[in-house]
Amino acid sequence: MTIRTATHAGSWYEGSKLRLSKQLDRLLSAVGTAHPEYPLSGARVLVGPHAGYAYAGPTLAETYKVWDTSKVKRVFIMGPSHYMYFKGFMITGFSEFETPLGNIPVDVDCIAKLKTSGLFGTFPSDADEEEHGIEMHLPFLYKATEASENGVPKIVPIVVGSCSKSDEKKLGKVLAEYFKDEENSFIVSTDFCHWGKRFSYRAYTEMEDASVIAELGLGYKLSPDSTPIYKSIEYLDRKGMAVLSTGSTKAWNNYIEDTDNTICGRKPLSVLLHTIENLSDTRMVQNGFTDTAQRSSWGKLQWIGYAQSSKAKTISDSSVSYASGYAIA
C-alpha cells in the first residue's frame, strides 16, 4: 500500500485534525445558513477552486455543501497540472491519499481498467505530491462523506496536461460510461481568471458580455468612470460560467479562443462537458427526466458563488478568481 502524503497540510490549510475539522465545520455551516436547502438531490457533479483555504475556503465550502452524497461510492476528480508539463492524462499510482482527517482510498481496480484505454500515464509520485489541485479538495470531500451511509468513497484522481480537443473528447467518451451510474460523482478542480503581470494576462473589458476585449499595457491608466479592473475580470469569468452552463463544448472552445481566459482547469472542464454530451436524451428519460424543464437542465452546470483573492484596481495588481458550481445528473 502506498500513501500520498498531504503535502500542503499545515501551510495551505490546517494540518491539525482538530483545527481542520473545526475550520471545515465553520465554513460549511456558514453556507448552510445561507442555503438551508442544501444539499440538493441529484447534485453529483461539482466544480470548485483549489487555492489556500484562507482565500478559497468559503467558495470551496459552497461546492461541497450542495453535494448529494446519499448514493456516492466513487468520485472521479479531475484537475490541471501546475508543476509538470506533459501531454495527455496522468492518473495516480498511489493507493491512498492522506488528509489530516483520515485517509481516502483510491479505486485501484477502476484505475487499472481505465488504463486499458491507452489514454493514461502514471503520474510520477514526486510530481503527484507536489501538485495541489486535487489535494485541496480532499479534506472537504472527507468531511462531507464521513458520516454518510456509504462512508468515505474511493477516488479516481485524474491530472490533465496539455491535450488536444480530440483527446478531451476521447476521455469524455470513456468517462461517460461511468457517469451513467448514480453512485459515481464527478468533480473538477479549477480556479478561474489569473490576472496580472505574473500570469501574463491583462485582458480588460467594459462590456458585461465580454464582447469587446482589450489588453492593458504598461502605464495604462483607467479614467475615474471606467469599469474597475476587478469588475472587468468578473465580466470575463461570468461569461465563461454562462457558457459552461450551456453544456456545449463548441461554445466553450470558442469562449476560450476569444478571451484566452486563464482558467487553469479549462481542459478538465472541457472533458466534463464532453462526458455529459455523450449521454443522450434517451438516458435522461431513463433517469426519469421526462419534463421539458428537467431535461433541459439535466447535467448543466449551475453556479452558487464567485470570489476573487483581491480586487485588482491598477495595472500593477493581480488576482485569482474562484467559483463554486454543481450539476444535477
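Residues numbered from 1 in each chain as written. Predicted model: local features only at pLDDT ≥ 70, side-chain atom pairs only at ≥ 80, totals over all residues. Heavy atoms only, no water.

The chain appears in an unreviewed UniProt entry as MEMO1 family protein from Geotrichum candidum. According to its UniProt record, the chain has this under Sequence similarities (unreviewed entry): "Belongs to the MEMO1 family." (UniProt positions renumbered as here; feature names shortened; annotations may be inferred.)

Novice: Can you lay out the overall build of the chain for me, pointing to particular residues and giving the numbers?
Specialist: Scanning the chain for helices and strands turns up 11 helices and 14 strands. A compact globule built from 329 residues would reach a C-alpha radius of gyration of about 20 Å, and the chain, at 19 Å, matches this within 12%. Projected onto its principal axes, the C-alpha positions of the chain cover 55 × 50 × 45 Å. For the chain, the residues scored as buried account for 53% of the 329 residues in total. In the chain, 78% of the contacts between residues at least 6 apart in sequence involve partners at least 24 apart. (Helix = DSSP H or I, 4+ residues; strand = E, 2+ residues; numbered from the N terminus. Rg over C-alpha atoms; globule rule 2.2 N^0.38 Å. Buried < 20%, exposed > 50% of the residue type's maximum accessible area, 1.4 Å probe, protein only. Contact = heavy atoms within 4.5 Å.)

Novice: Please give an account of the environment of Glu 146 that cites residues and values.
Specialist: Relative to the helices and strands, Glu 146 resides in the loop between helix 5 (138-145) and strand 8 (154-160). Residue classification places Glu 146 among the partly exposed residues on the basis of a relative accessible area of 40%. Sequence separation between Glu 146 and Thr 69 is 77 residues; the distance between their C-alpha atoms is 9.9 Å.

Novice: Can you explain the pairing of strand 14 (residues 319-328)? Please cite residues and give values.
Specialist: Two faces, one strand: in a regular strand the side chains alternate between the faces of the sheet. With 9 of 10 residues buried, strand 14 is to be regarded as a mostly interior element. As judged from the 4 bridges shared by strand 2 (residues 43-48) and strand 14, these two strands associate in the antiparallel manner. Note that in strand 14 the partner of Val 47 across the bridge is Gly 325. Relative to strand 14, strand 10 (residues 194-195) is paired through 2 bridges, and the arrangement is antiparallel. Across the sheet, residue His 194 finds its bridge partner in strand 14, namely Val 320. Pairing geometry for strand 13 (residues 302-308) and strand 14, over 6 bridges, is antiparallel. Paired with Ala 307 across the two strands is Tyr 322, which belongs to strand 14. (Pairing = 2+ DSSP bridges.)

Novice: Residues and numbers for the sheet that holds strand 6 (residues 104-105), please.
Specialist: Across the sheet, which stays open at both edges, the 3 strands sit in the order 1-5-6 with mixed pairing between neighbours. Across the chains shown, the open sheet's two edge strands, defined by having one partner strand only, are strand 1 (3-4) and strand 6. The pairing of strand 5 (residues 96-97) with strand 6 spans 2 bridges and is classified as antiparallel. Looking at strand 6, one finds that Phe 97 is bridged to Ile 104.

Novice: Tell me about unusual backbone geometry, and please be specific about residues and values.
Specialist: Here the residue pair Tyr 38 and Pro 39 is connected by a cis peptide bond, since its omega of 0° sits within 30 degrees of zero. With respect to the helices, strands and loops of the structure, Pro 39 is situated in the loop between helix 1 (17-34) and strand 2. With a phi angle near 55°, Ser 200 is a residue other than glycine that sits in the positive phi range. Note that Ser 200 resides in the loop between strand 10 and strand 11 (203-204). The backbone phi angle of Ala 210 is positive, close to 55°, even though this residue is not glycine. Relative accessible area serves as the criterion here: at 10%, Ala 210 is assigned to the buried category.

Novice: Pulling in residues and values, what's your account of helix 2 (residues 53-65)?
Specialist: The periodicity of an α-helix, 3.6 residues per turn, causes residues three or four places apart in sequence to face the same way. The end-to-end C-alpha separation of helix 2 is 15 Å, well short of the 18 Å expected for 13 residues at 1.5 Å each. Within helix 2, the axis deviates most sharply at Thr 59, by approximately 30°. Every buried residue of helix 2 is accounted for by Tyr 53, Ala 56, Gly 57, Thr 59, Leu 60, Ala 61, Glu 62, Thr 63 and Tyr 64. If you follow the buried residues of helix 2, they end up packed against helix 1, strand 2, helix 5, strand 9 (184-189), strand 13 and strand 14. (Expected span 1.5 Å × (residues − 1). Bend = angle between axes of the 7 residues up to and from the residue.)

Novice: So what's going on with helix 7 (residues 229-246)? Residues and values would help.
Specialist: If you check helix 7, its first and last C-alpha atoms are 26 Å apart, about what 18 residues at 1.5 Å a residue would give, namely 26 Å. Within the span of helix 7, buried status applies to Ile 229, Ser 232, Ile 233, Glu 234, Tyr 235, Leu 236, Asp 237, Gly 240, Met 241, Val 243 and Leu 244. Along its buried surface, helix 7 packs onto strand 10, strand 11, helix 8 (249-259), helix 9 (266-277), strand 13 and strand 14. Looking one or two residues past helix 7, Gly 247 carries a phi angle of roughly 80°, positive in sign.

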